[in-house]
Amino acid sequence: MTSQLRNELLFGTRALLRDNSLSQWRLRALQRNESLERAQLEQLQAALLHRTLRTAIARLPKYKHIASDFPVAAAPEVLRTMFPIIAKDTLFAHRGSLYPNRGERQPWQAPGKSSGTTGAPVTVFRSLASLLMEQAFVKRHWAWAGYHDGMVRATLRGELVAGFNQAGPPFWFWNRYNRQLVVSSRHLVDAHADAIIDRLEQLAPAMLQAYPSTAFTLAGLLERRKRRLRIPFIFTSSEPLYPHQRALVEQSLGGKVMDMYGMAERVAFAGECEHGQLHINPDYSYVEIVDEHGRPTDHCGSVVGTTFHNHAMPLVRYRLGDRTRWKRGQCACGRAFPMIEPVTGKFEDSITGGNGEPVSSSVLTFAFKNMNSICKSQVAQVGPACWEVRVVPLPGFTATDQQRLVDNIHQLVDPHVAVTVVLRDDIPSTAAGKFRWVVNEFDPPRNAA
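Please read all numbers here as calculations on a predicted model, not as lab measurements.

Draft legend 1. Region of the structure containing the packing of aromatic side chains. Going through the model one piece at a time under the given rule, you end up with 11 aromatic pairs. Judged by centre distance (6.3 Å) and plane angle (85 degrees), the rings of Phe-171 and Trp-172 are edge-to-face. Here Phe-171 falls in the buried class, since its relative accessible area comes to 0%. What makes Trp-172 buried here is its relative accessible area of 16%. Considering the side-chain rings of Phe-368 and Trp-437, the 5.4 Å spacing of their centres and the 75 degrees angle between planes classify their relative orientation as edge-to-face. Of this pair, Phe-368 sits in the loop between helix H11 (361-364) and strand E18 (374-383) while Trp-437 sits in the loop between strand E20 (418-423) and strand E21 (438-440), and the two are 69 residues apart along the sequence. The class for Phe-368 is buried, based on a relative accessible area of 2%. The structure contains a cluster of three or more aromatic residues connected by ring pairs, namely Phe-137, Phe-269 and Tyr-284. In this structure, Arg-95 is placed above the aromatic ring of Tyr-99, and the distance from its NZ or CZ to the ring centre is 4.2 Å. In this structure, Arg-335 is placed above the aromatic ring of Trp-144, and the distance from its NZ or CZ to the ring centre is 4.0 Å.

Structure follows, in structure tokens:
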């Protein structure tokens, strides 16, 4: 199968499943929620939470002892008193009781994998209805910038739309189903930058979807060439967005960055509004911010979320590795959606590939997504074009798995780096308690004065 045909099938299927009339109906329903007052949103949350908790009690063995005849208004209190906070390692250790159907996915359910930025991806079973809802929430966020279906957009994330060894354009694919130019981030290097910049300039998209790191790389390439684009809005997600990245991206791409916070587990969703505030979407999930003892806090704490829309596998009080705090007050945008401070916790260094260009840590996670026998991992740059992958293996991790990980990196991330896999008993966190999944330990020699 040619790459052109593969891309046509992939994006055609995505459009059929996610961009149909039912998705549009759900988007319009979500947009009506934006006009609700805080008390009305709390009532809506209680109803959605009530349904999730009753589903969890019915489908997940861990909660079968909990009575399900509580009223809707009592759902938040039942959540806090009857359901314990769970974390990723709890899911791994108790798959039989926290997954439906004894941990076996049904054929009609879609698998979803976390990015694995803590080194061990989580697999979640998703209903088809939840896929439609996710797209509707994303589109509602886009609409805050005035974007709607039919407008042209560009995407610069992790899609494999051009071969590694391709020496000339196109380094992109035109998705005619969504009027979307999908650009290969793996070809976003000096040798091919002019062709990509020229194509984006010609396209003049209304918005760009990107990882913060890929948008920042594009901005740097533009700056070095003393060129600028005119893209009104840049929607970033999947990685931490740092102030210096935002500044250069907005300067070089000529638009406003609107960041989004979400995850594969679907337990929290926040979008940056037109006024630069990050809003939790209260109709998406039930979000708590708790201290180290699991108690609600107004200070910086861990994000804990309960999903509303994925009843194939309801996650209840799932603790993420992310930290933030509530931000009080009313946003100038007029929405009653709660505000939070920028999310921190996914601490990642920058590493470079075989050509010396930065490698997106989100792209790097693609190599780990189908590795099921890894407890924890860390990718370290230890020399020029030289990476060491440290793995804390689970039972069943074999030499074949070890080689497959190396092959995945070469096939999906960068074919020109030297990769060594080192087995470890543990990979410690930093003194501040943060886990560094990607670290740069290479100190290049400096020229003498």
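More follows now that the structure is in view.
Draft legend 2. Just empty space enclosed by the protein, in detail. Applying the stated criterion to the full structure yields 2 cavities of 30 Å³ or more. Roughly 70 Å³ of internal volume is contained in the largest cavity. Forming the walls of the largest cavity are Ser-130, Met-133, Glu-134, Arg-266, Tyr-284, Thr-307, Phe-308, His-309 and Asn-310. Examining the composition of the lining of the largest cavity, we find that 3 residues originate from one element, helix H7 (residues 128-143), more than from any other. A per-class count over the lining of the largest cavity returns 3 nonpolar, 4 polar and 2 charged. Counted as a void, the second largest cavity has a volume near 30 Å³. In this structure, the second largest cavity is lined by Arg-38, His-279, Gly-329, Gln-330, Cys-331, Arg-335, Ala-336, Phe-337, Pro-338 and Met-339.

Definitions and cut-offs
- Residues numbered from 1 in each chain as written.
- Predicted model: local features only at pLDDT ≥ 70, side-chain atom pairs only at ≥ 80, totals over all residues.
- Heavy atoms only, no water.
- Phe/Tyr/Trp six-rings, centres within 6.5 Å; stacked < 30°, edge-to-face > 60°.
- Buried < 20%, exposed > 50% of the residue type's maximum accessible area, 1.4 Å probe, protein only.
- Helix = DSSP H or I, 4+ residues; strand = E, 2+ residues; numbered from the N terminus.
- Lys NZ or Arg CZ within 6 Å of the ring centre and 35° of its normal.
- 1 Å grid on protein atoms, 1.4 Å probe; cavity = no way out; pocket = protein on both sides within 12 Å on 5 of 7 lines; lining within 4 Å.
- Points joined across faces, edges and corners; volume = space filled by probe spheres on them.
- Nonpolar A, V, L, I, M, F, W, Y, C, P; charged D, E, K, R; others polar.

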